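Structural overview
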Amino acid sequence: MSATVVVIAELVDGRLSGATREAIGVARSIPDATIVGFAAGSAAPSAAAEFGRFGIARAFAAPDPRLDTGYPAAVARSAASAATGAGASVVVVGGTTFGRDLAGRLAVAWNAAAATGVTELAAVEGGLRVRRPVFGGRATETRRLEGARAVVAPRPHAFAVPPESPANCSVETLPPADLGPLAEPKRTAMESAAAGSGPGLTDAAIVVAGGRGVRGPENFHLIEELAASLGAAVGASRAVTDAGWRPTSFQVGQTGRTVSPQLYIAVGISGAIQHIVGMVSSRVIVAINSDNSAPIFRVADYGIAGDLFQIVPALTAEIRRVRGLG
Amino acid sequence: MTAEQESLRDAARKFARTEMAPHAAECDRTGRFPEEIYRKAFELGLMNLNVPAEHGGSGLGPVEQCLIVEELAYGCGGMTTSIIANCLALEPIILGGTDEQRTRFLDPFCAQYQLASFCLTEPSGGSDAGGLTTRARKDGSDYVLDGEKCFITNAPHASLYTVFATVDPALHHRGITAFVVPRATPGVAPGKDEDKMGHRASSTSTVRFDGARVPAANRLGDEGEGFALAMRTLDQTRTPIGALATGIAQAALDHAAKYALERRTFGKPIGEHQAIQIKLANMAQSVRAARLLTWYSAWTIERGGKGTLESSIAKCFASDAALRVADDAIQTFGGYGYMKAYPVEKLLRDAKLTQIYEGANEIQRTVIARELLRGYA
Amino acid sequence: MEIVVCVKPVPEADTRLRVSADGRTVDPENVKFVLAGYDESAVEQALLLKEANPGSKVRAIAYGPAPRTEEVLRAALALGCDEAIWVEASGDAASDPVSAARALGPSVGGLPHDLVLCGKQAGDDESGLFAGALGELIGAPSFGYVTDLRWDAGAGRFRFQRAAEAGAERWESPAPIVVGLQQAWNDPRTAKLPAILKSRKAPIARAPAPPAPGDAPASRPEKFELPPPRTGAKMIDYATPEEAAQKLVKILREEAKVFP
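Residues numbered from 1 in each chain as written. Chains lettered and ligands numbered in written order. Predicted model: local features only at pLDDT ≥ 70, side-chain atom pairs only at ≥ 80, totals over all residues. Heavy atoms only, no water.

1. Some thoughts on the interface of chain B and chain C
In this assembly, 15 residues from chain B lie in contact with eleven residues from chain C. A buried area of about 1100 Å², summed over both sides, lies between chain B and chain C, and 64% of it is on carbon and sulfur atoms. A salt bridge links aspartate 10 of chain B to lysine 32 of chain C; the shortest N-O distance between them is 2.8 Å. Linking chain B with chain C are six residue pairs in polar contact (both at pLDDT 80 or more). Looking at the side of chain B that touches chain C element by element, the count peaks at seven residues for helix α1 (residues 3-30) of chain B. Residues of the side of chain B that touches chain C, tallied by class, amount to eight nonpolar, three polar and four charged. (Contact = heavy atoms within 4.5 Å. Buried area = accessible area lost by both parts, 1.4 Å probe. Salt bridge = Lys/Arg side-chain N within 4 Å of Asp/Glu carboxyl O. Polar contact = N/O pair within 3.5 Å; in protein donor to acceptor, adjacent residues only side chain to side chain. Helix = DSSP H or I, 4+ residues; strand = E, 2+ residues; numbered from the N terminus. Nonpolar A, V, L, I, M, F, W, Y, C, P; charged D, E, K, R; others polar.)

2. A few points about the interface of chain A and chain C
In this assembly, 84 residues from chain A lie in contact with 78 residues from chain C. It is Phe135, Arg143 and Tyr302 of chain A that lose the most area in chain A upon contact with chain C, and together they represent 11% of the buried surface on that side. Arginine 131 of chain A serves as the salt-bridge partner of glutamate 225 of chain C, at 2.9 Å between the closest nitrogen and oxygen. For the pair chain A and chain C, the number of links is 45 residue pairs in polar contact (both at pLDDT 80 or more). Counting residues per element, the side of chain A that touches chain C draws most heavily on helix α4 (residues 97-109) of chain A, which supplies ten residues. Among the residues making up the side of chain A that touches chain C, the classes are represented as 44 nonpolar, 18 polar and 22 charged. Looking at chain direction, strand β10 (residues 139-146) of chain A and strand β12 (residues 218-225) of chain C are connected through seven bridges and run antiparallel. Bridging from a neighbouring strand, threonine 142 of chain A pairs with lysine 223 of chain C of β12 of chain C. (Pairing = 2+ DSSP bridges.)

3. Overview of the packing of aromatic side chains
The tally for this structure, following the rule as stated, stands at 14 aromatic pairs over all chains. Centroid distance phenylalanine 42 of chain B to tyrosine 113 of chain B: 6.4 Å. Interplanar angle 70 degrees. Geometry classified as edge-to-face. Here tyrosine 113 of chain B lies in the loop between α5 (99-111) and β1 (116-119) and phenylalanine 42 of chain B lies in helix α2 (residues 35-43), a separation of 71 residues in the sequence. The same class applies to phenylalanine 42 of chain B and to tyrosine 113 of chain B, which are both buried. Within the aromatic cluster, the residues linked to one another by ring pairs are Tyr71 of chain A together with Phe143, Phe160 and Trp171 of chain C. Sitting above the plane of the phenylalanine 33 of chain C ring, arginine 68 of chain C keeps its charged end 3.9 Å from the centroid. (Phe/Tyr/Trp six-rings, centres within 6.5 Å; stacked < 30°, edge-to-face > 60°. Buried < 20%, exposed > 50% of the residue type's maximum accessible area, 1.4 Å probe, protein only. Lys NZ or Arg CZ within 6 Å of the ring centre and 35° of its normal.)

4. Topic: empty space enclosed by the protein
Applying the stated rule across the entire model yields one cavity of 30 Å³ or more. Around the largest cavity, the lining comprises 13 residues; the ones closest to its centre are Arg132, Glu141 and Arg143 of chain A together with Pro97 and Ser127 of chain C. Every element with two or more residues in the lining of the largest cavity is listed here: β7 (113-118) and β10 of chain A. Ranked by residues supplied to the lining of the largest cavity, first place goes to β7 of chain A with three residues. Classifying every residue of the lining of the largest cavity gives four nonpolar, four polar and five charged. (1 Å grid on protein atoms, 1.4 Å probe; cavity = no way out; pocket = protein on both sides within 12 Å on 5 of 7 lines; lining within 4 Å. Points joined across faces, edges and corners; volume = space filled by probe spheres on them.)

5. Overview of the environment of glutamate 50 of chain A
Residue and element names in this part refer to chain A. Within the secondary structure, glutamate 50 is located in helix α2 (residues 44-50). Since its relative accessible area comes to 8%, glutamate 50 is described here as buried. Between the alpha carbons of glutamate 50 and isoleucine 265 there is a distance of 35 Å; along the sequence they are 215 residues apart. For glutamate 50, the side chain forms a polar contact with the side chain of arginine 15, separated by 3.3 Å. A polar side-chain atom of glutamate 50 sits 2.4 Å from a polar atom in the side chain of arginine 53.

6. What to know about the pairing of strand β4 (residues 33-40) of chain A
Residues in a regular strand project their side chains so that they alternate between the two faces of the sheet. Residue and element names in this part refer to chain A. Summarising burial for β4: six of the eight residues are buried, a large majority. Two elements, strand β1 (residues 3-8) and β4, share six bridges in a ladder whose sense is parallel. Across the sheet, residue isoleucine 8 finds its bridge partner in β4, namely phenylalanine 38. As defined by bridge partners, β4 adjoins strand β5 (residues 58-62) across five bridges and the pair is classed as parallel. Bridging from a neighbouring strand, alanine 39 pairs with alanine 61 of β5. In terms of handedness, the path from β4 via α2 over to β5 forms a crossover that is right-handed. (Right-handed = clockwise from strand over helix to strand, strands pointing away.)

7. Regarding a nonpolar patch on the surface
On the surface, Leu372, Leu373 and Tyr376 of chain B cluster together to form a nonpolar patch covering roughly 370 Å² of accessible area. Assessed through its relative accessible area of 40%, leucine 372 of chain B is described here as partly exposed. (Patch = residues over 30% accessible without salt bridge, like charges linked within 9 Å, V, L, I, M, F, W, Y side chains within 5 Å. Areas by Shrake-Rupley, 256 points an atom, 1.4 Å probe, with all protein chains shown as cover.)

8. Quick notes on the side chain of aspartate 125 of chain C
Relative to the elements of secondary structure, aspartate 125 of chain C occurs in the loop between β6 (115-119) and α4 (130-138). Setting aside chain neighbours within four positions, we find aspartate 125 of chain C in contact with Arg132 and Val134 of chain A together with Lys8, Ser95 and Pro97 of chain C.

9. Some points on the pattern of salt bridges
On inspection of all chains with the given rule, the structure shows 69 salt bridges over all chains. For the salt bridge of arginine 220 of chain C with glutamate 146 of chain A, the shortest nitrogen-to-oxygen distance reads 2.9 Å. Taken together, the positions of arginine 220 of chain C in strand β12 and glutamate 146 of chain A in strand β10 put the pair across two chains. Owing to a relative accessible area of 24%, glutamate 146 of chain A belongs among the partly exposed residues under this scheme. Several salt bridges converge on common partners, so that one network encompasses Arg129, Arg144 and Glu146 of chain A together with Arg220 and Glu222 of chain C.

10. Here we look at the nonpolar core
If you look at the biggest cluster of nonpolar residues, it comprises 141 residues, and the most contacted ones within it are Phe38 of chain A together with Leu117 and Leu149 of chain C. Counting residues per element, this core draws most heavily on helix α6 (residues 226-262) of chain B, which supplies twelve residues. With 37 residues, the next largest nonpolar core counts Leu222, Val234 and Tyr302 of chain A together with Val249 of chain C among its residues. (Core = buried A, V, L, I, M, F, W, Y, C linked by side-chain atoms within 4.5 Å.)

11. Observations regarding the sheet that holds β4 of chain A
Residues and elements named next belong to chain A. In space, the seven strands of this open sheet follow the order β7-β11-β6-β1-β4-β5-β12, with parallel pairing throughout. If you trace the sheet from one side to the other, it starts and ends with β7 and β12 (170-173), each paired once. Neighbouring strand axes in the sheet, compared pairwise and without regard to direction, differ in orientation by 25 degrees on average. Against the sheet, helix α1 (residues 18-28) touches β1, β4, β6 (90-92) and β11 (150-154), its axis set at about 170 degrees to β1. (Axes fitted to C-alpha atoms, helices over the stretch in contact; angles between N-to-C directions.)

Now the structure itself:
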């Protein structure tokens, strides 16, 4: 039976953001889904039409300029109208602060069950089954979202971005919603995050760490370039920080930081217990080391035994290629 | 444990793990006296535990004190020694002071962060406290103190000293008299901080009294009652030392047990090797016994018992246990245990003092034997 | 200023997690429940605003089962909250933040509220859904990821920052608002011993949970899993570094489901 899934757009410079494309990927993972787009704000009509790039044939636009700031409480009213109008059973929002704020409001405004940070999704009898990390990634829960309606937000990097397959998208315009007191808050300024400063080590979804195998501070740029290609944080083993190749704030391990990212790539790190305890709760661990009997391969999920000076640049190039970074 | 006791224990645990433990290694390495941590302890009500609430203290009984002291010692034994040194110094005032003295001394003392020192030990005798030589010469309505005390916790930083001096050496312990001496008294001079094996976050020094004039109104009890007051004081403060030793021992056990699960030799975690298992089993028994003996002593005192026998047993057993457990913990870590970068060698150095201070274990054993035999006489 | 702080009991941060007997949730046996981390910041911010605006009142409210919920409300009282209200939940009804918002909505709506504060997310489920759902229920604007929350008494407006991915947004809004707090002005204070002892005897008001309508959508826990023990890396065969790279990226996307 076909389910209608509405994807709520988040706009960057009037275009659909990366998080929105991931949300489309989430919608795609629901079998037999008819996907409908939704965009809000002054740029809504053109943004809504952009859903056509991903083969989506129908979208709603709420071109209310009050919604330009992307203030979720206000967007929720229009989004709920769109979802009801489309007869949707699922709404997907982006895995972002906007998406999660919106999901809470929509759950009540649209009378739905909700889940954020979702890594897996399946349609089941009477609803949706979702899987999501909890307790800082130390455990995973599976929940049933029961009832006719569900709102989901993915965990970043957990769903594939669908390829483009252009189609004509017909856009329906929604009248402005009655916001009442929700119209009062005003955004007074917007300060962009400093470009080039990657995510902090302890919050990062992906960490690339370098060890003694990197041989010297002059080679650490290989680690940093791999990290940059992934949008990852950079870490180091104690050998590296003790040798002064990087500051102690980079150290992952028993006497340094503990991290639990989605993906931890250990490059030239042998895997002494003192390092392992700092990263062992990462969801996926990849190790690259020239010694195939190095202890790191006991805790890693995937391993490449080889010369990191060849492997890492090749990996960086491949990541940049698939991410379209040129 | 009542819900109240659990809350107190949890509050002390949180303070120990978030405020004390992160700085323990640095203070141990440098010998720094972390005044900012002691101030926080005061602000949270973790100091002056034994002082009745009407005088501004926390007014906690022996059991609650043990719960708190064990948790603090888990964070750092040295810092705990300085925190509870106030309890030791103020106990003679609580036990032996008149109502007027208690109000006059305790109320202003507890109203703000300050430290106090209990001055009994002298170069000529620690265990032989009855033979102390510091003189208190009566002069009009004052006493003039002359002499030297040593190994006094908090002395360089204290604003108040509880001093035991003799009005007549010929009377031996029956001449000993207790006095409350403010730091500002002319003739009172704490010495330089000693460079100690352990408890390095705590400050210890001599205190010299040179013609220090103290009004008779600062005398606690009558002349000659000081020795008995000191012994009654130690009856109260011995049990928390058992708790302090237990806290150190528990920390050592935790480190060793976690390491035994992580460290692998001969293809498996060392916790699966019998030699280590036997060590851990012995350590666990020692810690459990130390804690229960300490709790039993506290419970006895809470019920109005004198507690000399029970508290001596608790202090003696727990301190010996702490030393054994810390030693075994180092052994479990092997070579790494010998390195200062790892936390276990500090625990051995901290445990050692618990066998020596607040009544050396040799004295504890004679006290235990004497009290024991009294029960059979 | 009338402030309501919504708090949640969660397992202490470094608890060793175990799976319950029925496999559906975390095993609460031997688990110490405390105020969720960001909730501590929310309580702190509420108390700071109370201190800055004399005459203010801070009421803590929580939805959850006995005895953990009562414990965290006492912790909130020990920190300095004026009143505590407990809406009791049975089973794992409190495990869904949207249900929790529905359970607390009528009580929060019925209390005087210029500001409703909660942590940006709870230490266990980390969903960030609560503030938005509660805001929609009581008809007030809501904002998550808030730092630097200020009350401008002259203008009669809250001024605050919101930490979004693109950067820091600055907002202003009249009361009332619901805030999911990320950071208070200060680190959360620690309760003092006398206050802890006093909080043990303080009364905690009880409020009923509204009955859920028959067709209410629900989120129910089905399974709680700890990661499987690692058995050793799958080594990637390759002839050239390029092949190794391609294989790894493919595995990450298709098998490990991590999409860089």
